[in-house]
Amino acid sequence: MTSPIHDHKPVPMTSARVSKLCGTISVPGDKSISHRALILGAIADGQTTIHGLLEADDVMATAKAMGELGATIRQENDTWSVDGMGNGALLQPQEPLDFGNAGTGSRLTMGLVAGYDFPVTFVGDASLSSRPMGRVLNPLRESGLQIESAGKAEQDLLPLTTHGAPLPLPITYRVPVASAQVKSAILLAGLNIAGVTTVIEPVMTRDHTEKMLSGFGADITVLTDENGARTISLVGQGDLQAQDITVPGDPSSASFALVAGLIVPNSDISIEGVLLNPTRTGLFDTLIEMGADLTISNQRTSGGEEIGDVRVRSSLLKGVVVPAERAPSMIDEYPVLAVAAAFAEGETHMLGLHELRVKECDRLNATVEGLKANGIHCTEGEEDLRVIGGAVKGGGIVKTHLDHRIAMAFLVMGMASEKPVRVDDTYMINTSFREFVPLMSKLGANLT
């Protein structure tokens, strides 16, 4: 079973300098929340309605997988409905679940089915098949999950088949590295396991799963100690009730227009309805420290999440030190932050970047390659990156390594560099942000 990105024809693109970027836009729904809304809707009692679902390839792969597991999913205009099976009532899929490039969807679904006594086969594209799954599978093994594979099980790489134990055990697990995916997979497994499943995270990560579980009626408690460590406990085998969910704008998608508005002279960009969950706004904090003219207005709450309108105007940025503890709140934004740093005065030093090594590609190394290809002085450490800002010549060809965020970040660079920047492929931008090119073009970008 294959996904379109497995053997696609590359779609290169060139981004050229423009005199200004101006306008007001809305970005598509948040990817993290979209995945979770589909997954929890699939095991709730009743019909969950989702407004503003991100209709990108990654999320559509999760929607298809939930259908294979028994849920009925329909779309009418911009509203999606999910007729759930009820907690504990998923069906054995008849085909492998193909997640394409969707790391979040695949890892969370591994947790979801870990409490079921039937086999589920997971496949994906070349990029996903090279990404390690051990950090999710190892704690799930403690509950009794078995892993089978034709040859890659020892590496925990796709394709692989999971099989839950007849009587799975609840676990208590302290996550060794900050990972919302690991935390979420364990909690989703605990939904169909008798007893209390507990996750302890020393550093807080995005908390969409906890918030949404509570909204669906799960028996979940979160305690935070004086050091900021969080203990999340879930009582399994309870009923979940269908919800009406509105997905806010994705701050990770918004980051590209925000950085473009800061580095292109004479620019003024507003983005409406952006998610402002504190576990996701590390880039906003960092850009403000760098001197960005960035303001947030019309703050309100929707579905338990804070949202607001974000405005940026072109600014003279300066280099800063980005602390390691901020990494979980902006882990997907480092490539475009590196682009902002290239235009800033002085050195920007980013710490705690080990998680970038296991994204769609080695995202840290891919970022460094792209910077150097365009004449930027930078130094790559095992877990850190130093970027020396100044005049950005551009003119390079960037290898994207099938990573959508690398492609979009360097297209942003080309909007302000002296010479155009070319990326070798943009096909995979569809995995998260299909509207990237038309929205940026609407603001005034020159993308060909």
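Residues numbered from 1 in each chain as written. Predicted model: local features only at pLDDT ≥ 70, side-chain atom pairs only at ≥ 80, totals over all residues. Heavy atoms only, no water.

1. Remarks on the environment of A71
Among the structural elements, A71 can be located in the loop between α2 (57–68) and β4 (72–76). Overall, A71 belongs to the buried group, its relative accessible area being 7%. C-alpha separation for the pair A71 and P335, spaced 264 residues apart in sequence, amounts to 36 Å. When sequence neighbours within four positions are dropped, the list of residues in contact with A71 reads A42, M66, V82, D83 and M85. (Helix = DSSP H or I, 4+ residues; strand = E, 2+ residues; numbered from the N terminus. Buried < 20%, exposed > 50% of the residue type's maximum accessible area, 1.4 Å probe, protein only. Contact = heavy atoms within 4.5 Å.)

2. Focus on the pattern of salt bridges
Between side chains of opposite charge, a pair can form when the charged atoms approach closely. All chains considered together, the criterion is met by 25 salt bridges. In this structure, the salt-bridge partner of E68 is K64, at a minimum N-O distance of 3.4 Å. Residue E68 and its partner K64 are located together in helix α2, separated by 4 residues, close to a single helical turn. The salt bridge involving D156 is made with R141; its shortest N-O contact spans 2.8 Å. (Salt bridge = Lys/Arg side-chain N within 4 Å of Asp/Glu carboxyl O.)

3. Quick notes on the sheet that holds strand β10 (residues 172–174)
Taken in spatial order, the 4 strands line up as β10-β11-β13-β12 in an open sheet, and their pairing is mixed. At either end of the open sheet lies a strand with only one pairing partner, and these are β10 and β12 (219–224). Taking the axes of each pair of neighbouring strands and ignoring which way they run, one obtains an average angle of 15 degrees across the sheet. The strands touched by helix α6 (residues 208–215) within the sheet are β11 (196–201), β12 and β13 (230–235), with β12 carrying the most contacts at an inclination of about 140 degrees. (Pairing = 2+ DSSP bridges. Axes fitted to C-alpha atoms, helices over the stretch in contact; angles between N-to-C directions.)

4. Examining the sheet that holds strand β5 (residues 79–83)
Taken together, the 4 strands give an open sheet; going across it, the order is β4-β5-β3-β14, and neighbouring strands pair in mixed fashion. The outermost strands of the open sheet, each flanked by one partner alone, are β4 and β14 (244–246). Here the strands of the sheet are splayed against their neighbours by 20 degrees on average, with no regard to which way each runs. Across 5 bridges, strand β3 (residues 47–51) lies against β5 in antiparallel orientation. When the bridges of β5 are listed, I50 appears paired with W80.

5. What to know about the pairing of strand β9 (residues 160–163)
Here 4 bridges tie strand β7 (residues 119–123) to β9, and the two strands are oriented antiparallel to one another. Each residue of the ladder has a partner; that of P119, found in β9, is H163.

6. What about the packing of helix α3 (residues 103–113) against helix α4 (residues 134–141)?
In contact at an axis separation of 10 Å, α3 and α4 are set at 5 degrees when each is read in the N-to-C sense. Between α3 and α4, the angle falls in the class roughly parallel. Contact residues: R107, M110 and G111 in α3; V136, L137 and L140 in α4. (Parallel < 35°, antiparallel > 145°, perpendicular 65-115°, else oblique.)

7. Here's the deal with the packing of aromatic side chains
One pass over the structure, following the stated rule, counts 4 aromatic pairs. On the basis of an interplanar angle of 15 degrees and a centroid distance of 5.9 Å, the ring pair of F99 and F122 is categorised as stacked. In this pair, F99 sits in the loop between β6 (97–98) and α3 while F122 sits in strand β7, placing the two residues 23 residues apart along the sequence. Since its relative accessible area comes to 0%, F99 is described here as buried. A relative accessible area of 0% means that F122 is categorised as buried. Measuring from ring centre to ring centre gives 5.4 Å for Y116 and F118, while their planes differ by 35 degrees; the resulting arrangement is tilted. Joined through ring pairs, the aromatic side chains of F256, F433 and F436 make up one cluster. (Phe/Tyr/Trp six-rings, centres within 6.5 Å; stacked < 30°, edge-to-face > 60°.)

8. With respect to the nonpolar core
L287, Y334, M350, F410 and M413 are the most contacted members of the largest nonpolar core, which totals 77 residues. Once you skip the residues sitting within four places of it in the chain, M413 turns out to touch V339, A342, F343, L371, N374, I376, V392 and V421. V82, L90, L97 and I147 belong to the second largest nonpolar core, which has 66 residues in total. (Core = buried A, V, L, I, M, F, W, Y, C linked by side-chain atoms within 4.5 Å.)

9. Observations regarding unusual backbone geometry
Residue L158 is joined to P159 through a cis peptide bond whose omega torsion reads 0 degrees. Of note, P159 is situated in the loop between β8 (146–148) and β9. Positioned with a positive phi, N77 is a non-glycine residue whose angle comes to about 60 degrees. Looking at the secondary structure, you find N77 in the loop between β4 and β5.

Function-wise, these values are silent; they only describe arrangement.
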